[in-house]
Amino acid sequence: MAADRRREDDVLGKIDLSTGPKEAPLGAYPRVRMRRNRQQDWSRRLVAENILTPADLIWPVFLCEGTGQTEPVASMPGVVRYPVDRIAEAVAEAKALGIPAVALFPYTDPVRRTAEAEEACNPENLVCRAIRAVKAAHPDLGVICDVALDPYTSHGHDGLLRDDRILNDETVEVLVRQALVQAEAGCDVIAPSDMMDGRVGAVRTALDGAGYQDVQILAYAAKYASAFYGPFRDAVGSAKTLQGDKRTYQMDPANGDEALREVALDIAEGADMVMVKPGLPYLDVLCRVKEAFHLPTFAYQVSGEYSMLHAAAGNGWLALDQVMLESLIAFKRAGADGILSYFAVAAAKRLAAG
Ligand code: PBG
């Protein structure tokens, strides 16, 4: 006993535990080495703060008229539009991979696009037929649909246009009817993407009044007037028709505080979930929204973000799988509960492969 104690004293006596050796101060290099935890794969996985799973992903899907044939979207490599008779089969793969929900976007036949967007409220329109096809085949797959008029207007705007102005309140009336026909068709989540004032409250009131109190609202709450939507407008056919720009209703990319006001209003009006859009260039907004409201918060990695990564990869400048997963985990780190991404299926496959 005594001999043991003496040996311990000998050893401890040589080390000053209060400060450590001068060249190795406590709480700093070289005693602290941040790289220690990064040396092994098991350790990196153990200390990872965020994780991406297929349950974080929503797959946006484009629709077209006709039967049998898919149509490629030229500005979005690997993305096609599906006719209604192929949509159930297309989303089956996403569901099997563990993706919880899809978002449906129609390419409306140009002859059905009008100044007043009547087709938006037609219960037999493309998106309503697709909702019914998806829900019939996959009742447990979430279906999300935009509420906005741009796939249906001859001028490509999300609202009604008169004398060069987008009318707010008149547009909201049409959006409400659009939301109701989509809910009637079986849509689970109504996603107003139009940025009119007051539309979330109006849609909530109408849904509740029609017995759709369980239909959720995912508000495109902070949606910016972005040039990153270019390829999407090709995909839904509004690129050629759009007159002017959307800056009188979508947000100025210069603004962050304003996004918090938009989100606060949509929450007060009854939004169950909110979205920030576009994605990577607006991670600061995403982070602020999540921290301020602690609500289910989604990010949309939009068409232009998808296409630019693909274009660079196509030139051999970026490794596609790596930038895909890196961009998606960045959304999680910034606070997203989920991400709408055209990479959803490819990413879920990569995650399944390990
Ligand atoms: C329609 C809508 C747009 C997007 C989603 N819904 C385009 C726009 O507002 O012009 C863009 C999605 C994308 O770029 O992937 N209101």
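Residues numbered from 1 in each chain as written. Predicted model: local features only at pLDDT ≥ 70, side-chain atom pairs only at ≥ 80, totals over all residues. Heavy atoms only, no water.

### Re the domain arrangement of the chain
For clarity, the cut-off: Boundary definitions for the domains trace back to an automatic or database domain assignment.
Under the domain assignment, the chain is made up of domain 1 (2-46) and domain 2 (54-353). Taking only C-alpha atoms into account, the centre of domain 1 sits 53 Å from that of domain 2.

### Quick notes on the side chain of His138
Note the following rule: Labels follow the DSSP assignment, with helices taken as runs of H or I lasting at least four residues and strands as runs of E lasting at least two, numbered in each case from the N terminus. Exposure categories follow from relative accessible area, calculated using a 1.4 Å probe and restricted to protein chains: below 20% of the type maximum is buried, above 50% is exposed, and the middle band is partly exposed. By the convention used here, residues are in contact when the closest approach between their heavy atoms is within 4.5 Å.
The topology assignment puts His138 in the loop between helix 4 (126-137) and strand 5 (142-147). Assessed through its relative accessible area of 9%, His138 is described here as buried. Not counting the four nearest positions on each side in its chain, His138 is found in contact with Ala88, Val91, Ala92 and Lys95.

### Some words on the site of the ligand
How we decide: Nearness is defined per residue: one heavy atom within 4 Å of the molecule or strand is enough. Note on areas: these come from Shrake-Rupley sampling with a 1.4 Å probe, and a residue is covered only by the protein chains present in the view. Residue type decides the class: Asp, Glu, Lys and Arg count as charged, Ala, Val, Leu, Ile, Met, Phe, Trp, Tyr, Cys and Pro as nonpolar, and the leftover types, Gly among them, as polar.
The local shell around the ligand holds 16 residues, among which Asp158, Lys223, Lys277, Ser303 and Tyr342 are the closest. Taken by itself the ligand offers 400 Å² of open surface, and the protein chains cover 100% of this. In the shell around the ligand, the residues fall into 6 nonpolar, 3 polar and 7 charged.

### Quick word on the pattern of salt bridges
What counts, and what does not: What makes a salt bridge here is a side-chain nitrogen of Lys or Arg within 4 Å of a carboxyl oxygen of Asp or Glu, nothing more.
According to the stated counting rule, one finds 22 salt bridges in the structure shown. As a salt-bridge pair, Lys246 and Asp158 come within 2.6 Å of each other at their nearest N and O atoms. Within this pair, whereas Lys246 is found in the loop between helix 7 (230-235) and helix 8 (257-269), its partner Asp158 is found in the loop between strand 5 and strand 6 (160-162), the two being separated by 88 residues in sequence. Here Lys246 falls in the buried class, since its relative accessible area comes to 4%. Judged by relative accessible area, which is 1%, Asp158 ranks as buried. The partner of Arg204 in a salt bridge is Asp208, and the shortest N-O contact between them spans 3.0 Å.

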